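# Examining the three-dimensional arrangement
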Amino acid sequence: MAERYLILEDGSVFKGTAFGSRATTFGEVVFNTSMTGYQQIITNQIYHNQIIVFSQPTIGGAGIERASYESVDPTCKGVIVRDVANVSINRRRRLSLDEYLKSQNIPGITGIDTRALIRKLRQTGTIKGSIIDPVNDLEHAFDQLKAIVLTNQQVNQVSTPKPFPNPGSGKNVVVVDLGLKYGILRQLNKRNCNVTVLPYSATADEIFNLDPDGVIISTGPGNPNDLPESLIAMVQEVERKIPLFAIGLGHEVFAVANGCEVTELAAEHHGNNHPILSVITDEIMYASQGQGYSVKRGTVDRNELMVTHYDMVDGSIQGLRHRDYPAFSVQFFPDSYPGPYEVTELFDEFSEMMTTRGR
Amino acid sequence: MAARKRVKNILIIGAGPNQIGLDTEIDSATLQTIKELHNAGHTIHYVSNNANSIIADLKEYVTFIVSNLNVNAIINILKEHQIDTILPTLGSGIALELVDQLEDAGILDELNIKTIGVTTTTIHNLQNPELMNRVLSHIKQPTIPTTVVDSNEAAIRFVKKVGYPVIIKPIASLTKTNRSRCENEHQMIENLESSFKVSTTHQVAVEKSIVGFKEIEMVVIRDAEGTKLLINGAENFNPVGVHAGDSIIFSPTQTLTDAEFQALRQATFRIAEIFRIKGVCHVQFALDPAGNNYFVTRINPFFDRSTAFAARATGYPVAYVVSSILLGKNLRDIEIPGLKHHESLALIEPTLDHVAVRFPTWSFASFKNAEQELNTRVKSTGAVMAFGRSMEEALQKAIRSVDSTTSAEQAALDESRLTEAQLINVLIHPRAGEIFYLLEAIRRGYTVDELAELTKVDAFYFYKLQHLVSIEQNVRKNPFDVDALKQAKYFGLGDSQLAHLWHSHSDRVRDFRINTAKCLPTYKGIEPTAGEFPFITNIYYSTFEDEDELTIDDKPKVLVLGTANNQVGTNSAAEYATVQEIKALQALNYQVVLLNNNPNAISLSFGMADKVYLEPLTIENCLNIIEREQPEHIIAQGKWEIVTRLIERGVTIHQLPLSRTTRSENVESDFMLIACKYQNQMAIYGGVKVEGHQLNSSLNLNSKIKNKLNPIVTAELKKQDRNGIYTVVFKQNNEHLTVTGVVPLAIQDTPYLSCVLNRNLIVDLVNISLNNFKIDEVQTQFNQLDEPLLYNHVYPYHQFGLQLPQQPPFSLANGARVETETE
Amino acid sequence: MEKEIMDAMAMKRALTRITYEIIERNKGVEDIVLIGIKTRGVFLAKRIAERLKQLEEIDIPVGELDIAEYRDDIHAINHSDRKSNTGLADLDLQGKTVVLIDDVLYTGRTIRAAMDAIMDVDRPDHISLAVLVDRGHRELPIRADFVGKNIPTAQNEKINVLVHEIDDEDLVSLETK
């Protein structure tokens, strides 16, 4: 039961116990209020360079399942919990959370007053933090933390370097990987799509050469404003010709490509309990969210785009659609790994859109 | 929408007396609903025969109608009161059944009466399992496969589809036959043979067995426009086979994967949609722990045990939001108090950053002959709940929450003396207090996987129990060690438990904890956003962590000690008294701080007390809270162990002169008077006739007798050394009166007596205790009611499969029925 | 035998997509008039109008067209009367873009009758056609601009469309006679 510290940029220190890897780690500390789905959250590449705090106090009770990875190579920088659970290895559960984090070299810290930490983060916004071994000289540790500059090349680090296929016999879909959640592939698989995943550097011509029925711009980590111009240009070209569905970071890129500004959120959304309004049907639904940025209200050109979804808690824009082309996007995760199922029908919408355009 | 709405004349059908399986969980929601409907201008009637109903006391909001709950009685009420609307969601299954019968008989059409909250079609569909299954199969929701066969071949064909194990049961059997579980074809054929023999129609029902599946409770709210909100998901510790009312239950779910949870969430939404619920609905599922399939096992479109737990566990004001929906508002337009800076807050799905546990309590100490094995028939007589920041902490607090009588029952069980065979027997056949046996099994070295295999309880829980045992061992090995203490406190052990393990006294442990280890509790708010939003809450629980969220103001306040789990004897009357105390104290301009932990408590209703500690009623917690709050007064109902022990520690407590023991059922009596004594003055409120075990409000005494009463009562009460309200029992022989007993007012009788005397006796007791009483205002009145009310106890014997004795002791009653003479 | 083709969710999605497509194909929706063919086409038209209102905050006129007297198997005696019975009398269609809406597109004869009725009343700039289901077997040169779902059918099959406004649920099913 080794002691470890969580230190934050603002000078606070939380003492806890180690689990997972014993590495020293730095990252932005963000909190997630989901009560289930920790495995999918930890393996989601949107948390690249981030340390995740779970508000649900006991994490690990469902073990690690082979069918619930959102990436094979998770790149979050740490996991903070109040209490980590142990599980038996059986047909469903091959690993415990502790073993899994060890195998992935991700440090965890347990025994933290996560409610206090979240109440703090709610006020400070996302700040840098570090999980370290106990030291006498905390000042030095804080200096190191302050000196750390986190990369803004997250997409470059998590996007696939090479194209890869995910074959099927139905619609031909190109997924542009900005830090892809596997949930997107699962949803396409369910609809029997023939998928090719391309790196984020793919050009419009490379995409056209594959003659897709539709294109998905995937989720991913970081700030859309740090992404290369070429990506924006690609989206601008593709949306005119091929049905397009952009998700998460992809949605932010789609918004930028169509003239919107995307800015940092004062309070990040990580969880699945915010009501989301679908404007066209006036229905309210819930979805898994993980966003630090948002399309700035008032920067949407109503001659180009329609706002299709809002977060009813803070009014933030959650969905856009082009007026002239079959192209739409959502900020939240419609693949529901993890999260409520009601939003997965957006993939049906995309699929039917491809069918209509194919005629 | 037009602002003018038609004023409705609403009848709420109650569920009847409290009994096993029916604590006060609905009353809390009823209370809030009535207030909201009344404030919206509607006229409300409430029908019940529950003598302890708190609703009887809400005269300014509602007409309380005493009546038995049968169709004919309800028809008369509908006609007499010109009811145009029935609200059937506050009367458990009883109200649904009555409404279905009314609909069947064409009464609702004839009188042009509508239901709100749930439609008559839905009620009809849910009352009939076959119809319910048809609707569910239409929306592709699986129910337990079942069929009726008349040959072995047909049974085998059916099992080929659904797989073993199955349960078979003869149809129309003349003898009392059990359901038998068959693991394979050989067993089934053997059982079929005997079953066909006893069936008069030569038919046998075959059902897929789901014993061992996880039992999950989901609670959803839906509004008129179809927006749905999942309030809570809770997981039973025991798998299917033990009634959910007898299982420890945790929220949030502890062992479900996201895919499992989301599948059940979606199923719950579909069910709420197809049944057009406008309000709350509880859906229970059986989830296969080894695969992805599940079955819908129960749909309750009304307030029940699970909706009450959902409200307490999450801090979400379920009844308030549901009343708003009944009044025609949609979720998006409802604002819930607490969150100030956002709109549409009723729509934020509750998410928890604590573990809440509901822990059943039994009264087997008083029913020694009852079968204590837990099965599909509920046996618990009450429950406590506890909060913690880990499952261990929540569970430990729940174990400590259990009242002294149940602990006594527990103390009788010295686990270490169990033989191996006895222990294994409990592991396979769970019984009341199972958790203590499981802990003992771990102490004896049973492994997690062995226990999971034997009990079908998820291994997750055994890792947690194992952790608790290891903490216990560490504590034992390290007496008065700061680190051992801190670890134990962090995972929920109480000072008294530490004292037991250290063979010391809890006061010494407390002193060591506070002064040497500097280990003090911190308090966290119970609110539904897990800290994401600034939520103003007044409900707290304790833990041992960094941040303390408690704010203390310096307004004059009174700490009210609640009465924890429902028990036989005082039963739900104790909750009635707590609620009245709160109201009486607020009327005196005190801030009321309540300490209580009954998940069904009415006193925990949203907006009732000014501040709530949802904490175990233990010496340790009481002292902690008293130290923090510094209340002007502390009020408790009568004498009980904790109160006595607090007083020993120098705490001043006003013990309302209420007796937690009941009147004696063996005293010869013809009538009894209720009288008070205050600062050497006496006054008589009135009296009731005693008819064997029954009380009757119609007491006719001639003037000669009446004139004798005052001097006798005065003389008797003079002998009593405390101020208070007393019951003076008389034996009458023509004009000769003998006093056969003088006892302080029993909690058990208080709701009925307050009703028939038309006087809130609890308010008087509070005023007597705080030296604020005006005895001159007490008027002696007999026979105040237009129609006499009869009072009888309700006992749990038949639910335990026991014969009701000739003279059941009042102290074993767990509810009371009131009726009019004409019934 | 009856087989479910579209459930409530699929119907909802189809109408949502048709609405977006109407916006995409028309620059601005100010000049659009929706005309639903009785009975179920009217409810579908109203739902599309609701969606347009949600998105664009504009009230699109919805006409309810009764083509009974324009059916080509009925020869009305009094031609001048029939146009007053269509239900379109109050609509101003001059210079408008009409989107004609029906539940099922089959032989095309209903649509032809509907166009006759519209042209009798007024002269819109443009008429397009939206249908929830296109089941094929056209007998006239008519094609839908917006299709919820293409369902290839045999002649002996029947498409049943239920709408919750009058049928209590939303459902499209295929019935084999």
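Residues numbered from 1 in each chain as written. Chains lettered and ligands numbered in written order. Predicted model: local features only at pLDDT ≥ 70, side-chain atom pairs only at ≥ 80, totals over all residues. Heavy atoms only, no water.

The name given to chain C in an unreviewed UniProt entry is Bifunctional protein PyrR, with Pediococcus argentinicus as the source organism. Within the UniProt record for chain C, the comment given under Subunit (unreviewed entry) is "Homodimer and homohexamer; in equilibrium." (UniProt positions renumbered as here; feature names shortened; annotations may be inferred.)

As named in an unreviewed UniProt entry, chain B is Carbamoyl-phosphate synthase large subunit, taken from Pediococcus argentinicus. As recorded by UniProt, the Catalytic activity (unreviewed entry) comment attached to chain B reads in full: "hydrogencarbonate + NH4(+) + 2 ATP = carbamoyl phosphate + 2 ADP + phosphate + 2 H(+)".

## A word on the UniProt feature "short sequence motif: PRPP-binding" (unreviewed entry) in chain C
Look at the UniProt record and you will see "short sequence motif: PRPP-binding" (unreviewed entry) annotated at residues 98-110 of chain C. End C-alpha atoms of residues 98-110 of chain C are separated by 16 Å, and the span's content is 15% helix alongside 62% strand. (Helix = DSSP H or I, 4+ residues; strand = E, 2+ residues; numbered from the N terminus.)

## Examining the sheet that holds strand β7 (residues 166-170) of chain B
Residue and element names in this part refer to chain B. With antiparallel pairing, four strands are arranged side by side in an open sheet as β6-β9-β7-β8. Edge positions in the sheet fall to β6 (146-149) and β8 (180-182), since each of these pairs with one other strand and no more. Within this sheet the neighbouring strands show an average axis-to-axis angle of 30°, counted without direction. As defined by bridge partners, β6 adjoins strand β9 (residues 204-208) across four bridges and the pair is classed as antiparallel. Note on β9: the bridge partner recorded for V149 is V204. On the sheet, helix α7 (residues 152-162) packs against β6, β7 and β9 and is oriented at approximately 10° with respect to β9. (Pairing = 2+ DSSP bridges. Axes fitted to C-alpha atoms, helices over the stretch in contact; angles between N-to-C directions. Contact = heavy atoms within 4.5 Å.)

## Regarding empty space enclosed by the protein
Here the structure, examined in full by the defined rule, presents twelve cavities of 30 Å³ or more. Its boundaries defined by the atoms lining it, the largest cavity holds a volume of some 180 Å³. Along its surface, the largest cavity is lined by 19 residues, and M35(A), N272(A), F261(B), E349(B) and P350(B) are the ones closest to its centre. Elements that contribute at least two residues to the lining of the largest cavity include exactly β11 (228-236) and α9 (258-274) of chain B. Looking at the lining of the largest cavity element by element, the count peaks at four residues for β11(B). Grouping the constituent residues of the lining of the largest cavity by class yields seven nonpolar, ten polar and two charged. Space inside the second largest cavity adds up to approximately 150 Å³. Residue lining of the second largest cavity: 20 residues in total, with G37(A), Y38(A), A62(A), L256(B) and T257(B) positioned closest to the centre. Those elements that place two or more of their residues in the lining of the second largest cavity are α1 (38-42) and β5 (58-59) of chain A. Element by element, the count of residues in the lining of the second largest cavity is highest for α1(A), at three residues. (1 Å grid on protein atoms, 1.4 Å probe; cavity = no way out; pocket = protein on both sides within 12 Å on 5 of 7 lines; lining within 4 Å. Points joined across faces, edges and corners; volume = space filled by probe spheres on them. Nonpolar A, V, L, I, M, F, W, Y, C, P; charged D, E, K, R; others polar.)

## Looking at the packing of aromatic side chains
Counted by the stated rule, this structure contains 26 aromatic pairs over all chains. Judged by centre distance (5.5 Å) and plane angle (50°), the rings of F364(B) and F800(B) are tilted. In this pair, F364(B) is assigned in the loop between β15 (355-361) and β16 (382-388) and F800(B) in the loop between β29 (789-794) and β30 (815-820), connecting sequence segments 436 residues apart. Take F800(B): its relative accessible area is 5%, and that puts it in the buried class. Between the aromatic rings of F367(B) and F800(B), the centroid separation amounts to 5.0 Å while the plane-to-plane angle is 55°, which identifies the pairing as tilted. Pair noted here: F367(B) is in the loop between β15 and β16 and F800(B) is in the loop between β29 and β30, with a separation of 433 residues, a long-range link. Considered together, F367(B) and F800(B) belong to a single accessibility category, that of buried residues. Following the ring pairs from residue to residue traces out a cluster consisting of F364(B), F367(B), Y795(B), Y797(B) and F800(B). The ring of F491(B) carries R82(A) above its face, with NZ or CZ at 5.9 Å from the centroid. (Phe/Tyr/Trp six-rings, centres within 6.5 Å; stacked < 30°, edge-to-face > 60°. Buried < 20%, exposed > 50% of the residue type's maximum accessible area, 1.4 Å probe, protein only. Lys NZ or Arg CZ within 6 Å of the ring centre and 35° of its normal.)

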